[in-house]
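# Fold and contact review
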Amino acid sequence: MSDTSSFRPLSAFEARAYAPATLGPLQLRNRIIKTATYEGMTPGGKPSQQLIDHHTQLAAGGVGMTTVAYGAVSARGRTFAEQLTVVPEVVPGLRRLTDAVHAHGARVSLQLGHCGGFSKDRTAPRPHPRGPSPGWNTYGLMQGLPRVHAMSLADIQQVIDDFATAARLAVDAGFDALELHLGHGYLLSQWLSPAVNRRTDAWGGDLDRRLRLPLAVVEAVRRAVGQDIALVAKTNLSDGFKGGLEVSEAIEIGRALERAGVDAILMSGGFVSKTPLYLLRGARPLRGMIAVEKHPLQKLAIATAGPFVMRTYPFEELFFLDQARKLRAALQLPLVLLGGIVSRQNLDQAMREGFDFVALGRALIAQPTLIQDFVAGTAGRSRCTHCNECMVEMDRNGVRCVLDDAEASPELENSD
Ligand SMILES: Cc1cc2nc3c(=O)[nH]c(=O)nc-3n(C[C@H](O)[C@H](O)[C@H](O)COP(=O)(O)O)c2cc1C
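Residues numbered from 1 in each chain as written. Predicted model: local features only at pLDDT ≥ 70, side-chain atom pairs only at ≥ 80, totals over all residues.

### Examining the overall build of the chain
Short version of the rule: Counting from the N terminus, the helices are the DSSP runs of H or I reaching at least four residues and the strands are the DSSP runs of E reaching at least two. Radius of gyration: over C-alpha atoms. The globule rule applied is 2.2 Å multiplied by the number of residues raised to the 0.38 power. Here the contact rule is simple: place C-beta atoms from the backbone, and any two residues whose C-beta atoms are within 7 Å are in contact.
Of regular secondary structure, the chain possesses 15 helices and 13 strands. In summary, the chain has a C-alpha radius of gyration of 20 Å against a globular reference of 22 Å for 416 residues, a match within 12%. When its C-alpha atoms are laid out on the principal axes, the chain stretches across 55 × 50 × 40 Å. Excluding contacts between residues fewer than 6 apart, the proportion of contacts in the chain whose partners are at least 24 apart in sequence is 71%.

Okay, structure coming up:
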């Protein structure tokens, strides 16, 4: 397909996307953020040279800010054992990463998360995993971690303290911004979800109670890092399954985060444990997922049950736009539009509709120089085909686009 959109004239709205912007206390060189996409480049939970190179390349490619994905705030907060864990030992490696990104004029954010009741990490202290309410941890069945244990009040306090400690370490490592992961079915998203948080104490029930832990985390992190660091929250517009969080509550969550002093909200959706493709859209890379799975029984489970339990959603450009508009209409604080942003036209529309920033994942994995290419007029659209094979690569040798492979024939099963 020929890429005619590169020849579009630059509209005032698109120009706004490429112009410097303020995010809380930060000045960004443009309004384009590389969103967190787990890199799979942290052997032993530590940052590698590969991780540094990955983000350096994105910074050199022209984004305003890149985001290091999922830093677990504690060993208990890891979904799997190799995940980056924000402890003092990783600070020097992360400092090399932030220095390298800064050398290219970009800002760098660290996503801080906790897995709650969604984990297959056998190395975490038992009982593991722990979430808002008891339930099943299907993700950890084969690892002998079938049950989710309800968090005690001491566990809750520990989580708040762990977020604050990790945030402080991130600042020591030179990060400009912190992104609190309140989405995708991780702990703080489990807490907000009426389907998953079934607590009957002061930490569950109506939305005010379900918001209590996420807000306590925001407050503790802000106290720990002060006002010079941008604090953003990645939230769900909807969980993507019946009984889960819907956009009406997402608006209220946005209002509460606005009052709590969050500098921007990055709007996403979906629950990795229940609706993994809702947050991505596009193809289901089952063949690759089976190939990289190490556990033989899990391999079999993906092969037999995968086609039935992993629902697919056709890819659409700007796939969260309809729901995001509702937050835009209700909130004053800066909002980051995300989901299927792949072209100059998409940037134009996001700015035209009043969003303050855009965040791109797969389009930049496929083409780290995309923003430079847009500005130079040498590309109008990312080459990404939303085959989602990058997800498989993340578990193989680190996230990357497979389109360069000589024999590349990404499986487009169930794609749009
Ligand atoms: C390989 C891969 C890894 C991802 N890892 C994370 C993650 O660690 N944290 C997160 O919040 N979202 C993660 N996501 C979701 C993205 O941040 C983003 O929400 C999603 O890809 C939709 O944006 P896009 O259409 O621009 O790719 C991941 C997505 C992909 C493709």
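### A look at the packing of helix α4 (residues 153-172) against helix α7 (residues 212-225)
How we decide: Axis definition: a line fitted to C-alpha atoms, limited for helices to the stretch in contact. Angles are taken between N-to-C directions and run from 0 to 180 degrees. The sense of a crossing depends on the near helix, which, turned anticlockwise from the far helix by less than a right angle, makes the crossing left-handed and, turned clockwise, makes it right-handed. Residues are grouped as follows: Ala, Val, Leu, Ile, Met, Phe, Trp, Tyr, Cys and Pro are nonpolar; Asp, Glu, Lys and Arg are charged; all remaining types, including Gly, are polar.
Two elements in contact, α4 and α7, have axes separated by 8 Å at closest approach and are oriented at 35°. For the crossing formed where α4 meets α7, the hand is right-handed. Residue-level inspection shows Ile 156, Ile 160, Phe 163, Ala 164, Ala 167, Arg 168 and Val 171 of α4 in contact with α7, the latter providing Leu 213, Ala 216, Val 217, Ala 220, Val 221, Arg 223, Ala 224 and Val 225. Here the contact of α4 with α7 is composed, by residue class, of 13 nonpolar, no polar and two charged.

### Focus: the site of the ligand
Let me state the cut-off plainly: A residue counts as near a molecule or strand when its C-beta atom, positioned from the backbone, falls within 6 Å of it.
Within the structure, the ligand sits among 25 residues, and Thr 37, Tyr 38, Ala 69, Gly 361 and Arg 362 are positioned closest to it. Where the shell around the ligand is concerned, the elements lending two or more residues are β4 (65-72), α13 (362-366) and α15 (389-396).

### Some words on the packing of helix α8 (residues 247-259) against helix α11 (residues 321-330)
Which entries qualify depends on this criterion: Under this scheme an angle from 65 to 115 degrees is roughly perpendicular, one under 35 degrees roughly parallel, and one over 145 degrees roughly antiparallel; angles in between are oblique.
Taken N-terminus to C-terminus, the directions of α8 and α11 make an angle of 40°; their axes are 10 Å apart at the nearest point. Between α8 and α11, the angle is such that the two are oblique. Between α8 and α11 the crossing geometry is right-handed. Counting all contacts with α8, which are made through Val 247, Ala 250, Ile 251 and Gly 254, the residues of α11 involved are Gln 323, Lys 326, Leu 327 and Ala 330.

### Some details on the sheet that holds β4
What counts is decided by this rule: For two strands to pair, DSSP has to find at least two bridges joining them.
The strand order around the closed barrel built from eight strands is β3-β4-β5-β9-β10-β11-β12-β13, with neighbouring strands paired in parallel fashion. Along the sheet, successive strands turn relative to each other by an average axial angle of 30°, direction set aside. With six bridges joining them, strand β9 (residues 177-182) and strand β10 (residues 230-236) adopt parallel strand pairing. In the sheet register, Leu 178 faces β10, and the bridge partner there is Leu 231.

### What to know about helix α2 (residues 49-60)
Spelled out, the test is: Under the convention used throughout, the expected extent of a helix is 1.5 Å for every residue step, that is, one less than its residue count.
Relative to the 16 Å expected for 12 residues at 1.5 Å per residue, α2 spans 16 Å between its end C-alpha atoms, a close match to the ideal helical length. For α2, the secondary structure elements touched by its buried residues are β3 (32-34), β4, α3 (91-102), β5 (107-113) and α13. Within two residues after α2, Gly 62 carries a phi angle of roughly 110°, on the positive side.

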